[in-house]
Amino acid sequence: MTQTVLDTEPDHSVEELEDLAYELRRLLLNLCGTYEGAVHIGGDLSVADILTALFHRGLRIDPNDIRNPARDRFVLSKGHAAVCMYIAMAMRGFFDYDDIVATYGQLDSAYGMHPCKVQLPGVEASTGSLGHGLPLAVGMALSARHRRETHRVVTLMGDGETGEGSVWEAAMAGRSQKLGNLVAFIDRNRQLMTSFAEERVMFEPYPDKWRAFGWNVVEVDGHDMRQLVDAIDALPDPTSDVPTVIICETVKGKGVDFMERNLAWHAGSLGAQDLERAMAALEASRNKEAH
Ligand SMILES: Cc1ncc(C[n+]2csc(CCOP(=O)(O)OP(=O)(O)O)c2C)c(N)n1
């Protein structure tokens, strides 16, 4: 099948991507400081680098041609991190950040707490009920195979989410169907909603579990842009036979010291004063990492 050429962005350098991830965190905090309800800020901050690497480099997408059949498909399986995806997509040219801030979470807004592909064209799947993104992605990747299309289907799951049985059924199906066009990122922040992961479920030896299901397993620091870019650049060709999982070691609340690894910040809101404190913490963390 002939596929339409996508007008994708030129590849950003690692340094440019780091700057974009910092900006994404700033915009997230700003929204969290202005929205009156709770934002899933902990799990948003833990995926900010991954989503930046994907939307500005890894995914072959074009905000001006959102139905191009050759585009890569992205499924945010941990749908509660929707606002981080909306802002990453706004920064890539899909949406307007001011619209997100003005309407986020309101009854008739397209920017809901969980993403809805019907209300928000450009979003590929409606998610929020955990454990469904990988099964959906398997179906989408299988469909691409049947149509002889060569794009990738990429999903992002939370580690707690992978306690759902549907994830492992899908993992088995993805390997059985030889879906080398399927890529799963896992946000391994080792926290769930109200507890630390290993207190509830024995995830370890986690990478070995994926290996046992026959997947190509890559382990990275999910806040190290160089490692994320290298893992993306080294992905096997979509026409190959083995799906890939990229296990990203992350920190929930990354970048804001009082939120990091803090169970109280799975979801919350920042008033004006806490917003100032959070922005200062983010800047301090960046300066620390620069030295
Ligand atoms: C099927 C289902 N059960 C429960 C929830 C409520 N819930 C929302 S976020 C969350 C924690 C999930 O943990 P993890 O996947 O590790 O996400 P993260 O810690 O990165 O936010 C839960 C239980 C849900 N959205 N879907």
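Calculation rules
- Residues numbered from 1 in each chain as written.
- Predicted model: local features only at pLDDT ≥ 70, side-chain atom pairs only at ≥ 80, totals over all residues.
- Heavy atoms only, no water.
- Phe/Tyr/Trp six-rings, centres within 6.5 Å; stacked < 30°, edge-to-face > 60°.
- Helix = DSSP H or I, 4+ residues; strand = E, 2+ residues; numbered from the N terminus.
- Buried < 20%, exposed > 50% of the residue type's maximum accessible area, 1.4 Å probe, protein only.
- Lys NZ or Arg CZ within 6 Å of the ring centre and 35° of its normal.
- Expected span 1.5 Å × (residues − 1).
- Arc of directions from axis to C-beta.
- Pairing = 2+ DSSP bridges.
- Right-handed = clockwise from strand over helix to strand, strands pointing away.
- Axes fitted to C-alpha atoms, helices over the stretch in contact; angles between N-to-C directions.
- Contact = heavy atoms within 4.5 Å.

**Q** Can you help me understand the packing of aromatic side chains in this one?
**A** Within a pair of aromatic rings, the relevant descriptors are the distance that separates the centres and the angle that separates the planes. This structure, assessed with the given rule, holds 10 aromatic pairs. With a centroid separation of 4.6 Å and 40 degrees between ring planes, the pair formed by Trp168 and Trp210 is classed as tilted. Note that Trp168 is positioned in helix 6 (residues 165–176) and Trp210 in helix 8 (residues 206–212), a separation of 42 residues in sequence. Each member of the pair, Trp168 as well as Trp210, carries the same accessibility label: buried. Three or more aromatic residues joined by ring pairs make a cluster, and in this case those are Tyr86, Phe94, Phe95 and Tyr111. Across from the ring centre of Tyr206, 4.9 Å away, lies the NZ or CZ of Arg188, which sits over that ring. Here the basic side chain of Arg286 rests over the ring of Tyr22, its NZ or CZ set 4.0 Å away from the ring centre.

**Q** Is there a simple way to think about helix 6 in this case?
**A** Note on helix geometry: an α-helix contains 3.6 residues per turn, so any two residues three or four positions apart are oriented the same way. Taking 1.5 Å per residue as the helical rise, helix 6 with its 12 residues ought to reach 16 Å, and the 17 Å between its terminal C-alpha atoms agrees with that figure. Those residues of helix 6 that fall on the buried side of the exposure criterion are Val167, Trp168, Ala170, Ala171 and Gly174. Along the long axis of helix 6, the arc covered by the buried residues comes to 160 degrees, so they all point the same way. Turned more than 90 degrees from where helix 6 packs its buried face, Glu169 and Ser176 sit exposed.

**Q** Help me understand the pairing of strand 2 (residues 153–158) in this model?
**A** Strand residues, when the strand is regular, have side chains that alternate between the two faces of the sheet. Counting buried positions along strand 2 yields six of six residues, so the element is predominantly enclosed. Residues of strand 2 alternate between two faces, with Val153, Thr155 and Met157 on one and Val154, Leu156 and Gly158 on the opposite face, all of them buried. For strand 1 (residues 73–76) and strand 2, the ladder comprises four bridges, and the chain directions are parallel. Considered in strand 2, the bridge of Leu76 is made with Leu156. As paired elements, strand 2 and strand 3 (residues 182–188) share six bridges and run parallel to each other. Bridging across to strand 3, Gly158 finds its partner in Asp187. Running through helix 6, the crossover from strand 2 to the neighbouring parallel element strand 3 is right-handed.

**Q** Is there a simple way to think about the environment of Glu283 in this case?
**A** As for its position among the elements, Glu283 is in helix 10 (residues 272–290). Judged by relative accessible area, which is 45%, Glu283 ranks as partly exposed.

**Q** For this particular structure, what's the right way to read the sheet that holds strand 4 (residues 216–221)?
**A** Within a sheet, each strand pairs with its neighbour through backbone hydrogen bonds, oriented either parallel or antiparallel. Taken together, five strands build an open sheet; the order of strands is 1-2-3-5-4 and the sheet is parallel. Looking along the sheet, the strands with just one partner apiece sit at the ends: strand 1 and strand 4. The sheet shows a mean angle of 20 degrees between the axes of neighbouring strands, taken without regard to direction. Against the sheet, helix 2 (residues 41–58) makes contact with strand 1, strand 2, strand 3 and strand 5 (244–249), and its axis sits at roughly 150 degrees relative to strand 3, the strand it touches most.

**Q** Is there a simple way to think about the environment of Leu228 in this case?
**A** Within the secondary structure layout, Leu228 lies in helix 9 (residues 225–233). Between the alpha carbons of Leu228 and Ala144 there is a distance of 25 Å; along the sequence they are 84 residues apart. With residues up to four places along the chain from it excluded, the contact list for Leu228 reads Asp49, Ile50, Ala53, Phe185, Val220, Asp221, Gly222 and Cys248.

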